[in-house]
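In case you want the letters, here they are:
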There are 2 protein chains.
Amino acid sequence: MSADWFRRRFLPGGPLPAPRPPRPRASPVPYRRPRFLRGSGSSPGTADASCRPNARPVRSPVRGRALPWNAGYAEIINAEKSEFNEDQAACGKLCIRRFEFGVEEDQEWLTLCPEEFLTGHYWALFDGHGGPAAAILAANTLHSCLRRQLEAVVEGMVATQPPMHLSGHCIRPSDPQFVEEKGIRAEDLVVGALESAFQECDEVIGRELEASGQVGGCTALVAVTLQGKLYVANAGDSRAILVRRDEVRPLSSEFTPETERQRIQQLAFLYPELLAGEFTRLEFPRRLKGDDLGQKVLFRDHHMSGWSYKCVEQSDLKYPLIHGQGRQARLLGTLAVSRGLGDHQLKVLDTNIQLKPFLLSVPQVTVLDMDQLEPQEEDIVVMATDGLWDVLSNEQVARLVRSFLPGNREDPHRFSELAQMLIHSTQGKDDSPTQEGQVSYDDVSVFVIPLHNRGQGRSSH
Amino acid sequence: MSADWFRRRFLPGGPLPAPRPPRPRASPVPYRRPRFLRGSGSSPGTADASCRPNARPVRSPVRGRALPWNAGYAEIINAEKSEFNEDQAACGKLCIRRFEFGVEEDQEWLTLCPEEFLTGHYWALFDGHGGPAAAILAANTLHSCLRRQLEAVVEGMVATQPPMHLSGHCIRPSDPQFVEEKGIRAEDLVVGALESAFQECDEVIGRELEASGQVGGCTALVAVTLQGKLYVANAGDSRAILVRRDEVRPLSSEFTPETERQRIQQLAFLYPELLAGEFTRLEFPRRLKGDDLGQKVLFRDHHMSGWSYKCVEQSDLKYPLIHGQGRQARLLGTLAVSRGLGDHQLKVLDTNIQLKPFLLSVPQVTVLDMDQLEPQEEDIVVMATDGLWDVLSNEQVARLVRSFLPGNREDPHRFSELAQMLIHSTQGKDDSPTQEGQVSYDDVSVFVIPLHNRGQGRSSH
């Protein structure tokens, strides 16, 4: 990865540029031989990403030329068999400009020396569907949205307690007490910024895809270190876990039609017109047919965690809003995830039924206090797209990590190699640690992020 | 409590009677001197409930005569200073009639011998507001709704795996596999029955209150033991915890305008007309005033877990949809809970703005496998209304339990006395274990449920 690219993307060098609209393109990430990115080892802020090719070639429906400003980090995603990558990634240093409390119209930007920035690190994985367009846009855009959102609240982030008014002026003497009682901390502003950044990025992607006549969507998994905390924001079915010597801790949960069933059914209950009379919002063990009519059959509605029986009517024979189990579960027969970016134009095949109303772009954010955690040298975060987690459990990944790292302490590239090893272990080879030799046929992308701070590089301001 | 009452209420003796409509009344629970109910000690299915009087007298707006069928268990709720109790309780044996898989129109009821029933136990606490009417109706009705809902699915509950079709006939050979893949178990039918029973009871209360010109609502916390499992269903701000020698485990979570902020804001976002232009759905640290106009102020909207800043506009000065912190938080300036039964007629004072659309009657259900738990002799569940939890934390209650029970092993009434002791400890006496001598001025009701099975009385079929 080019350091220049990150300087261009992340480091301020004057006024923040306006978002740059991507232009229509066809083969945004052309086929490349696998190349594994090497980070600088164990210092935080470096990451090692390896990607497995998609074994089932997916050809994007869109065409165009590769954008030069995409070239800087495209090599961290690799494909062997597919023409275009649907997995995309981005990582780098995040520099947030601080400015002084100032008059609203005339804020003073202090951009002269490093002390005037909040610095952190950013890693992101995007798993596209319906083509790579949304994933590429997200990889090019989300960090800019995040930087902008963080800069909009940075005054509050660097104060001992976020002030009620961003100006810092106390309108009423009791204002700090109200903020205190609500328990609002600097980290809540970062969580809010991540939530807003995902939404802003989703809007940008919607506009850009429409303008360029492209389609598609993607999941987004982002990790950010800032002010001694690690933030993991997830919208989709990628996953991040913390692996320590004695602990495996999920840092995200997956958002799929199955895990968000009640939210999705609830929306269909409130707005039945979204189903256009073509789907039933009720869940049954399988799709019902004519011979089930009049029978009392197991079902669940939006208000139910449990199951009950209902007498089958004609309308229950419609295609279910959420159909299938586990990895096969689909929303409106179309989509396997319920959160992510893009998909503004996505419709059920041969209908005008839109999926976007059922999708959320807002991520769930987990916060990890690095000071409390006191990371040891082999404590890492593993971020990966669903291709990895389809065939390896959290515990299996942890076992692989624990068997690999101790024997490679002197290898400066051991975290890169661990990422590669995790991807190779999804190939179903003889020495594969996966159960019953399971093989992933999906794209697989992995970041390995060492958390230990060797006295340098820790995010701070 | 009269055993006859429970036989009448819970034990079948022929066809299930139709729900009995309550009649209008005024003083449903007249003042009584405190009387503490004694259970039979440590055998499951007995419970010890003690109630503290409401120190701030609340006079119900409704008047009428006490119903004779209410007298059977009213003594488990006691009041000293208030004329009418807003806390109500019910407990007893739950007998679910089993019937054979039969022809839909001609089902055979088997009611001849005990083996043909599923038996369990039921405990319920209802904390009323706006008068005791809803709480009394709930205490008289919910167990009947639950029995009816359980009897409607009992065929599925007693099968090895709930059949897809309640008739037991397999329409397609793969049906059991679909049920298996969805992971549907007998306990999911009990959870579904609890969810449906709460909703059915809410509808009954709505009809009855309207017919009798009464008002009010109540929270509901229910514990049920059935087929070796403990189910805790909660809608409101009461709480149940499991206390063991080395463990304190919450068995419920509270549903208040604060804990359900995002759901409530989301509804106001989808249906802004519910606020009639009088409220803002946004959350701020305090209510905004004219001098905040134009300032950037901390806020949260429905999609946000974190906080951000927004520029204050005129519409932000409206009264907030959810206002206040902690125990003072109110929905539409009116209600301190966001789930419960009743409140069908409740409106914001001097407006036509209804609260019911924002309230859920459906409970959250927690399931505890008693066989896996292997309860020891002093393992108990403490169920209590918010009056207790306002002044005692889970850990404080656990400490009180652990300091009381070992020294009273020979006392057959020790669980009753523990319930009384917990209530007394909310009175702010010198030996009170509460922090800084906190006193509860609310009604307080407590059930202590011993889990240990001394070889008899365990729920089974």
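Calculation rules
- Residues numbered from 1 in each chain as written.
- Chains lettered and ligands numbered in written order.
- Predicted model: local features only at pLDDT ≥ 70, side-chain atom pairs only at ≥ 80, totals over all residues.
- Heavy atoms only, no water.
- Phe/Tyr/Trp six-rings, centres within 6.5 Å; stacked < 30°, edge-to-face > 60°.
- Helix = DSSP H or I, 4+ residues; strand = E, 2+ residues; numbered from the N terminus.
- Buried < 20%, exposed > 50% of the residue type's maximum accessible area, 1.4 Å probe, protein only.
- Lys NZ or Arg CZ within 6 Å of the ring centre and 35° of its normal.
- Least-squares fit on C-alpha atoms with pLDDT ≥ 70 in both.
- Contact = heavy atoms within 4.5 Å.
- Buried area = accessible area lost by both parts, 1.4 Å probe.
- Salt bridge = Lys/Arg side-chain N within 4 Å of Asp/Glu carboxyl O.
- Polar contact = N/O pair within 3.5 Å; in protein donor to acceptor, adjacent residues only side chain to side chain.
- Nonpolar A, V, L, I, M, F, W, Y, C, P; charged D, E, K, R; others polar.

- In the annotation of an unreviewed UniProt entry, chain A is listed under the name PPM-type phosphatase domain-containing protein and assigned to Eschrichtius robustus.

### What about the packing of aromatic side chains?
Residue and element names in this part refer to chain A.
- If you walk through the whole model with that rule in mind, you get three aromatic pairs over all chains.
- Summarising the aromatic geometry, the rings of Phe279 and Tyr319 are spaced 5.8 Å apart at their centres and angled 90° between planes, so their arrangement reads as edge-to-face. Here Phe279 is found in strand S8 (residues 279–280), whereas its partner Tyr319 is found in strand S11 (residues 319–320), with 40 residues between them in sequence.
- Residue classification places Phe279 among the buried residues on the basis of a relative accessible area of 9%.
- Assessed through its relative accessible area of 29%, Tyr319 is described here as partly exposed.
- Taking the ring centre of Phe255 as reference, the NZ or CZ of Arg339 above it sits at 3.9 Å.

### A short note on the relation of the copies chain A and chain B
- The two copies are related by a screw motion: chain A maps onto chain B through a turn of 180° and a shift of 0.1 Å along the axis, at an RMSD of 0.0 Å. Those values place the two copies in the arrangement expected of a two-fold rotation axis. Taking the C-alpha atom as reference, chain A places Leu270(A) closest to the rotation axis, 4.5 Å from it.
- A share of 100% of the interface residues of chain A reappears at the interface of chain B, consistent with the copies meeting face to face through the same patch.

### Some thoughts on the environment of Ala135(B)
All names here are of chain B.
- By secondary structure assignment, the location of Ala135 is in helix H3 (residues 133–158).
- Note: C-alpha distance between Ala135 and Arg147 (twelve residues apart in sequence) is 19 Å.
- Residues contacting Ala135, with those up to four places away along its chain left out, are Glu86, Gln88, Phe126, Gly128 and Cys218.

### So, the interface of chain A and chain B
- Listed as interface residues are 48 residues of chain A and, on the opposing side, 48 residues of chain B.
- A buried area of about 4600 Å², summed over both sides, lies between chain A and chain B, and 57% of it is on carbon and sulfur atoms.
- The tally of links from chain A across to chain B stands at six salt bridges.
- For the interface between chain A and chain B, the tally reads 30 residue pairs in polar contact (both at pLDDT 80 or more).
- Per-element tally for the side of chain A that touches chain B: the top contributor is helix H5 (residues 186–212) of chain A, with six residues.
- Taken together, the residues of the side of chain A that touches chain B break down into 23 nonpolar, twelve polar and 13 charged.

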